[in-house]
Amino acid sequence: MEPRPLFAGEYAVLGLLLGRPMHGYEMARYFDRDDLSEVCPIEQSMLYTYLRNVEERGLVCWSEVRVGLRPPRKLFELTEAGRATIEAWLDEPVQRLREVRLDFLLKLYFLHGLDRVREKALLGRQIAVCDAYHERLLAHEAEGLGFARLVAASKRSGAESTLRWLREYAWQLETEERI
């Protein structure tokens, strides 16, 4: 049986560990105070569930670290499989428009801090995916009647808005690069 796809929160955990090994408590602070919480808010109890899930898949491992007289803490880090999983995920555009608001923004969050060239490349691929989707919607809308046409027009409107936002962000990145 094929394992279920990872949840966005599980990818977020892997993304945080790309930077360096961390304790669960350190990761929880990112979800409490950082821009990451705007895209993917995760409560501490859910964070530990996600950590357990990715550990069971062999994507992270941990070691015990003791500081002074305090109880030992688990220091999580990516395994090779975990690094390969998150790296591949970061480079893939999302295929469904509704995934732009969560998965794609998560990818931009991590790539923005890691590698601006990869961020721009992903953005270009995402625009191409959305352009193709928009073209399919235009054809579907033209062929549709009644409610089907209304649905296609609604999806087209969302695709146009998303494309406008993606292109504005691509322009912003280009402008920042020139400065």
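Thresholds, definitions, all that
Residues numbered from 1 in each chain as written. Predicted model: local features only at pLDDT ≥ 70, side-chain atom pairs only at ≥ 80, totals over all residues. Heavy atoms only, no water. Core = buried A, V, L, I, M, F, W, Y, C linked by side-chain atoms within 4.5 Å. Buried < 20%, exposed > 50% of the residue type's maximum accessible area, 1.4 Å probe, protein only. Helix = DSSP H or I, 4+ residues; strand = E, 2+ residues; numbered from the N terminus. Contact = heavy atoms within 4.5 Å. Pairing = 2+ DSSP bridges. Axes fitted to C-alpha atoms, helices over the stretch in contact; angles between N-to-C directions. Parallel < 35°, antiparallel > 145°, perpendicular 65-115°, else oblique. Left-handed = near helix turned anticlockwise from the far one by under 90°. Nonpolar A, V, L, I, M, F, W, Y, C, P; charged D, E, K, R; others polar.

## Describing the nonpolar core
Here's step 1: With 45 residues, the main nonpolar core has Leu-14 and Met-27 as its most contacted residues.
Here's step 2: Residue assignment for this core shows that the elements contributing at least two residues are α1 (8-19), α2 (24-33), α4 (44-56), β3 (73-78), α5 (80-91), α6 (103-114), α7 (116-143) and α8 (146-178).
Here's step 3: Among the elements that take part in this core, α1 stands out by supplying eight residues, more than any other.
Here's step 4: With sequence-adjacent residues up to four places away left out, Met-27 is seen in contact with Val-13, Leu-16, Leu-17, Met-22, Leu-47, Leu-51 and Phe-76.

## With respect to the sheet that holds strand β2 (residues 60-65)
Consider a sheet: its strands pair through backbone hydrogen bonds, and that pairing is either parallel or antiparallel.
Here's step 1: On the basis of which strands lie adjacent, the open sheet formed by three strands has the order β1-β3-β2 and antiparallel pairing. Edge strands, defined here as strands with exactly one partner in the open sheet, are β1 (22-23) and β2.
Here's step 2: With six bridges connecting them, β2 and β3 associate as antiparallel partners. Residue pairing in the sheet places Glu-64 in a bridge with Lys-74 of β3.
Here's step 3: Its contacts with the sheet place α1 against β1, β2 and β3, and it is angled at close to 90 degrees to β3.

## Considering the packing of α1 against α2
Here's step 1: Between α1 and α2, the least distance of the axes is 11 Å, while the angle of their chain directions is 110 degrees. One way to sum up the angle between α1 and α2 is to call them roughly perpendicular. Once α1 is placed against α2, the crossing between them reads as right-handed. Counting all contacts with α1, which are made through Ala-12, Val-13, Leu-16 and Leu-17, the residues of α2 involved are Met-27, Tyr-30 and Phe-31.
Here's step 2: Grouping the amino acids of the contact of α1 with α2 by side-chain chemistry returns seven nonpolar, no polar and no charged.

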